[in-house]
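# Coordinate inspection notes
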Amino acid sequence: MKRSFLTLFALGFFAFLYVPLFVIIGYSFNANPVNMLIWDGFTLDWYRGLLGLGTPGLDAQNRGIYIESTPQLLAALKTSLIVACSTTVISTIFGTSLALALARFQFRAKPLYTGGLMLPIMMPDIVLGIGLLIFFSTIGLRLSILTIVLGQCTFLTSYVCITVQARLAGLDPALEEASADLGANAWTTFRKVTLPQLAPGLVGGALLAFIISMDDLVITYFISGTGSQTLPIYIFGMIRRGVKPEINAIATLIILASMLVAALGLWLRARQDRS
Amino acid sequence: MTHRDRLHLWGLLGPVTLFLGVFFLIPLLTIALYSILTPGLYGGVEWAFYHWNYGRIFGWADGIDEVFEPVYLQILARSLGLALTTVLLCLAICYPVAFWVAWLPQRWRMLFLFLIALPFFASLIVRLYAWLLILKPSGLLNTVLLATGLISEPLDLLYTPSAVVLGMVYIFLPFMFLPLFAAIDTLDAALIEASADLGAKPWQTFLKVIFPMTLPGVVAGSVIVFIPAVGNFIVPDILGGAKGLMTGNLIEQQFLSSRNWPFGSALAMVVMAVVLGALTIFATRAKKAGGAA
Amino acid sequence: MSRSRLLDIRAARRLFTTPEGKSFAALDGVDLAVDEGEFVTLLGPSGCGKTTLLRAIAGFEELDEGVIRLDGADLSGLPPHRRPVNTVFQSYALFPHMSVARNVGYALEVQGAPRAEREAEVAAALEKVGLAGLGTRRPAQLSGGQRQRVALARAIVAKPRLLLLDEPLSALDRNLRQQMQFELKDLQHRLGIAFVFVTHDQEEALTMSDRIVVLRAGKVEQAAPPREIYRHPKTRFVAEFIGETNLLPARVEGISGAQALLSLPGGQSLQAEAAGLEPGRTVTAVLRPTDITLGTGDLAGTLLRADFMGADRHLRVALEGGPEISVIARDTAVLPQPGTRLHLGCDPALVHVMEEPT
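Reading guide: rules and limits
- Residues numbered from 1 in each chain as written.
- Chains lettered and ligands numbered in written order.
- Predicted model: local features only at pLDDT ≥ 70, side-chain atom pairs only at ≥ 80, totals over all residues.
- Heavy atoms only, no water.
- Helix = DSSP H or I, 4+ residues; strand = E, 2+ residues; numbered from the N terminus.
- Rg over C-alpha atoms; globule rule 2.2 N^0.38 Å.
- Buried < 20%, exposed > 50% of the residue type's maximum accessible area, 1.4 Å probe, protein only.
- Contact = heavy atoms within 4.5 Å.
- Areas by Shrake-Rupley, 256 points an atom, 1.4 Å probe, with all protein chains shown as cover.
- UniProt positions renumbered as here; feature names shortened; annotations may be inferred.
- Buried area = accessible area lost by both parts, 1.4 Å probe.
- Salt bridge = Lys/Arg side-chain N within 4 Å of Asp/Glu carboxyl O.
- Pairing = 2+ DSSP bridges.
- Domains from an automatic or database assignment.
- Polar contact = N/O pair within 3.5 Å; in protein donor to acceptor, adjacent residues only side chain to side chain.
- Nonpolar A, V, L, I, M, F, W, Y, C, P; charged D, E, K, R; others polar.
- Axes fitted to C-alpha atoms, helices over the stretch in contact; angles between N-to-C directions.
- pLDDT = per-residue confidence, 0-100.

Scanning chain B from terminus to terminus reveals 12 helices and 2 strands. Secondary structure elements in chain B, listed N-terminal to C-terminal, are α-β-β-α-α-α-α-α-α-α-α-α-α-α. Taken against the 2.2 N^0.38 rule, which gives 19 Å for 293 residues, the C-alpha radius of gyration of chain B at 24 Å runs more than 25% over that of a compact globule. Overall, the C-alpha framework of chain B stretches about 80 × 70 × 35 Å when taken along its three principal axes. Each of the 293 residues in chain B was classed as buried or not, and the buried ones make up 49%. For chain B, long-range pairs separated by at least 24 residues make up 61% of all intrachain contacts whose partners lie at least 6 apart in sequence. Carbon and sulfur atoms make up 70% of the accessible area of chain B, which totals about 13,800 Å².

This is the structure:
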């Protein structure tokens, strides 16, 4: 009796999680250009519009109103990808070296690092965002892709480090000793034993960094210049200007793409855990 | 530590320390510095000590250059209340579900954990946008309610404090769920059985055994929901409208429209203080809970 | 016959600092010598320093004082990968991402040995440990006993001068452990490599070793062949750690020829071999429960309890006017009832006398 009530509650929970996403996906196929919340038949026009293809369901005048310029969207996507790829590489290197240093060495400043590691994650985003904004403007660095990358790396490094640390903690320290014992020097041991063992944590950390970077809104909001809008910032701006059917199609594509990447990551991790 | 070890250590630590020192620590210190500087006439700052940024918020002001307005404290209190409501709602929603998932057979558990984590990866802005579509006067919820005859005219759902809470709960749910689940999952079923065996009624078992033992998870989840919630400006911006101004929006305005950076910095320092205070309270609670467990 | 000296450790000291900031000596002036082809066991309770000593030989710990020589050469400052010593780890430490063959061939791989030579050596090593044909498996696909053998094969493939084994059998179940004890001993004979074996299991030590080194709190209590350790423990600690034992406080009353007469508290007396004893000294008599005979003898006592143990029976007896002792006797159909008066005796040759008072 109690159990079935709980199940009902859980089903409601999952409905709460997923219905909003399906609502967007549903609306993205609605042909009604004026009031997109009233169903007016199925269309792919919004997707076609996004991709710069023809929009047979819309006349030329409506097209101008409802489809914003595709190039801007593509530029935002490009900015996001450039930022995400660079921050992933940098924060993975930083995060991994930090994790390795903390796991393999004893040093006096260690508590400072382990405590400080949580700081960028535990701090309200907005504080870091304005801090970076003030800092960049004080040193005279113009807001651009570079400032976004520098700013995001500060907190992404912590995420990567924590992910890699989790993997390191699960490793038998005797593995590296065994390698040294069998005649391998420090570099060979790192290459042949530590790195392959660390790979799942590294991939997991990098993937997490990529996803968070692609999605970051608050911090990037303060440190992206007019010429360097990322995708979330661009969409935020679009929503502020007013709801348009086109946004549904963009949102749907983002939902599908990000879930695909996330699912891939989680699947990879589950597979590696099993082997 | 040998000389060689020291070399390895600083090879690993040096670059990242330098980077975080410059691009993380210094920006933080800059906020603290700006919060006690004089606002310039057209944005910017004058490098002179100035305590009225705080005075404006907390009630001392000269009444000429700076005027104390209680609205800032009201907004601060509202943000705090909003964040706490979000935490409590997330807790109330996640606690039963975490039990439900923990009691599933192993195979199903992974699937449902995956399903809970997945929406977290779908863009934040997109997920908030979905609620905009649902809550609009002509949106899905009103359409459904009108069609079923439950209401006769559309409800004003959007741009209310409730809409903001709803949006916050929606985006922060996974943050609460995962630490809670971790705590509940490690709960030894034998302890619950032992409590029942010793004559405790189910609610007694819950209050005296289950809840205290999951308290670390409760505390951890509450902290990671509270912190981003208290300074959030995106959710009020999209779902809250003009009446729902929160501290986050206030800070954002100081930086991007009013261009009063010192005042914005002072507000940010206050938010940091609130967060630190909350963390301290939670940490002492967690310590007590840890001692009891 | 004197085998040549392989390993020589002098006055080894290693200090650790506890999290509370106190320092304690894991090794406190340890001397240890191992000859070519010898099987030496380091035995002691956890925290006695046996693993630290092993790790110091392997090069994972540097000594604070003292010197470790292998073939006469000082090893200090030499990193683990340049020491001609290999280790079988307690957790086996098999590389999970490599096949069994690559694990076993690792030492040759990092030396840069040609592939053909490597494959031949790996096959030979796997053959030696009875795992021929399992080279393509992953460690995760092996049983505990098989992993143990892989770890062994991996450690011998580079033909080390000395093999270090850190409680390698502790993860195995009882039956498998006994089988592996014999196999290890055989393997050691065939290879002719000296083994230094760490364990806290005294039975294992007695079964396998040429010589046992009993450690306690960073110091060597006694180093001797198993029989000597069992029959003639030098200290109370060794006597109690190795097998079950009765320690009785005694006084040497007199010597007549090869026999000494010991008096026990309560007035009863016991015969022992006289070698090295002086009259009037307070000593400790060591009696193994299995060496005590029931029914005849000079000692009288009252049975307190008798517990069935399979082939044997475990008796607790209160000696008249004195201490309680344990006796292990073959189980017989007739069970004496608690409260029965008994006579007990012990062959004087089996009574060991320690100078240390109880």
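Attention shifts here to the UniProt feature "domain: ABC transporter" (unreviewed entry) in chain C. In the numbering used here, UniProt assigns the "domain: ABC transporter" (unreviewed entry) feature to residues 4-242 of chain C. Between the end C-alpha atoms of residues 4-242 of chain C there is a gap of 29 Å, over a span that is 35% helix and 28% strand.

Mapped onto this numbering, the UniProt entry gives "domain: ABC transmembrane type-1" (unreviewed entry) at residues 76-282 of chain B. Counted over residues 76-282 of chain B, helix gives 80% and strand 0%. Its end C-alpha atoms are 20 Å apart.

It is worth spelling out the interface of chain A and chain C at this point. Interfaces are often sized by the amount of accessible area the parts lose when they come together. At the interface, 18 residues of chain A touch 23 residues of chain C. Overall, the association of chain A and chain C removes approximately 1,700 Å² of surface from exposure, summing both partners, and the carbon and sulfur fraction of that is 60%. Contact with chain C buries area across many residues of chain A, yet Asp-181, Leu-182 and Lys-192 of chain A alone supply 40% of it, more than any other trio. Applying the counting rule to chain A against chain C returns 2 salt bridges.

Turning our attention to the pairing of strand 13 (residues 269-273) of chain C. Residues Leu-270 and Ala-272 of chain C line the buried face of strand 13 of chain C, whereas the alternating positions Ser-269, Gln-271 and Glu-273 of chain C sit on a face that is not buried. Where strand 12 (residues 259-263) of chain C folds back onto strand 13 of chain C in an antiparallel hairpin, the turn is made up of 5 residues, including Gly-266 of chain C, whose phi is positive at roughly 105°.

What follows deals with the domain arrangement of chain C. Residue and element names in this part refer to chain C. As assigned here, chain C comprises domain 1 (5-240) and domain 2 (244-354). Placing the centre of domain 1 and that of domain 2 at their C-alpha centroids yields a distance of 39 Å. The interface of domain 1 with domain 2 comprises 10 residues on the first partner and 9 residues on the second. Of all residues in domain 1, the largest losses of buried area upon contact with domain 2 belong to Tyr-230, Arg-231 and Ala-239, amounting jointly to 56% of the total for that side. Between Asp-291 and Arg-231 there is a salt bridge, and its shortest N-O distance comes to 2.6 Å. Taken together, the connections running from domain 1 to domain 2 amount to 4 residue pairs in polar contact (both at pLDDT 80 or more).

Residue and element names in this part refer to chain B. The domain architecture assigned to chain B consists of domain 1 (3-68) and domain 2 (73-292). Using C-alpha coordinates to define each centre, domain 1 is positioned 30 Å away from domain 2. Counting residues at the interface gives 15 residues for domain 1 and 12 residues for domain 2. In total, domain 1 and domain 2 occlude about 1,200 Å² of area from one another, counting both sides; carbon and sulfur atoms represent 77% of this. By the criterion of area lost to domain 2, the three top residues of domain 1 are Tyr-34, Arg-56 and Ile-57, representing 37% of everything that side buries. At the boundary of domain 1 with domain 2, the tally comes to 0 salt bridges. Our count for the contact surface shared by domain 1 and domain 2 stands at 0 residue pairs in polar contact (both at pLDDT 80 or more). When contributions to the side of domain 1 that touches domain 2 are tallied by element, the ones reaching two or more residues are helix 1 (3-34), strand 1 (37-39) and helix 2 (52-58). Sorting elements by how many residues they give to the side of domain 1 that touches domain 2 places helix 2 first, with 5 residues. Looking at the side of domain 1 that touches domain 2 residue by residue, the class counts come to 9 nonpolar, 5 polar and 1 charged.

Moving on to the sheet that holds strand 12 of chain C. Residues and elements named next belong to chain C. In space, the 5 strands of this open sheet follow the order 13-12-11-14-19, with antiparallel pairing throughout. Looking at strand neighbours, the two that pair on one side only are strand 13 and strand 19 (352-354), the edges of this open sheet. On average, adjacent strands in this sheet sit at an angle of 45° to one another, irrespective of strand direction. By the bridge criterion, 3 bridges tie strand 14 (residues 282-287) to strand 19 in an arrangement that is antiparallel. For Thr-284, the partnering residue across the bridge sits in strand 19 and is Met-354.

So, about the pattern of salt bridges. Following the criterion strictly, the structure yields 34 salt bridges over all chains and no others. Between Asp-71 of chain C and Arg-161 of chain C there is a salt bridge, with the nearest N and O atoms lying 2.7 Å from each other. Placement of Asp-71 of chain C in the loop between strand 4 (65-70) and strand 5 (73-74) and of Arg-161 of chain C in the loop between helix 5 (144-156) and strand 7 (162-166) is noted, with a sequence separation of 90 residues between them. Residue Arg-161 of chain C is classed as partly exposed on the basis of its relative accessible area, which comes to 28%. The salt bridge involving Asp-312 of chain C is made with Arg-330 of chain C; its shortest N-O contact spans 3.6 Å. In this pair, Asp-312 of chain C sits in strand 16 (residues 312-319) while Arg-330 of chain C sits in strand 17 (residues 324-330), placing the two residues 18 residues apart along the sequence. Bridged by salt links that share partners, the residues Glu-177 of chain A together with Arg-14, Arg-55, Glu-61 and Asp-64 of chain C form one connected network.

Okay, the confidence of the model for chain B next. Any region with low pLDDT has predicted coordinates that should not be read closely. Residue-level pLDDT values for chain B average 86, and 96% of them are 70 or greater. Per-element confidence in chain B ranges from a low mean pLDDT of 81 for helix 8 (residues 189-197) of chain B to a high of 93 for helix 3 (residues 71-102) of chain B.

In this section: the side chain of Arg-177 of chain C. Residue and element names in this part refer to chain C. You can see Arg-177 is positioned in helix 6 (residues 174-191). Among the polar contacts listed, one links the side chain of Arg-177 to the backbone oxygen of Leu-172, at a separation of 3.4 Å. With residues up to four places along the chain from it excluded, the contact list for Arg-177 reads Leu-169, Ser-170, Leu-172, Asp-201 and Glu-204.

What follows covers the UniProt feature "transmembrane region" (unreviewed entry) in chain B. Mapped onto this structure's residue numbering, the UniProt feature "transmembrane region" (unreviewed entry) falls at residues 12-37, 80-104, 111-134, 163-184, 205-227 and 263-283 of chain B. Secondary structure across residues 205-227 of chain B comprises 100% helix and 0% strand; the distance between its end C-alpha atoms is 31 Å.

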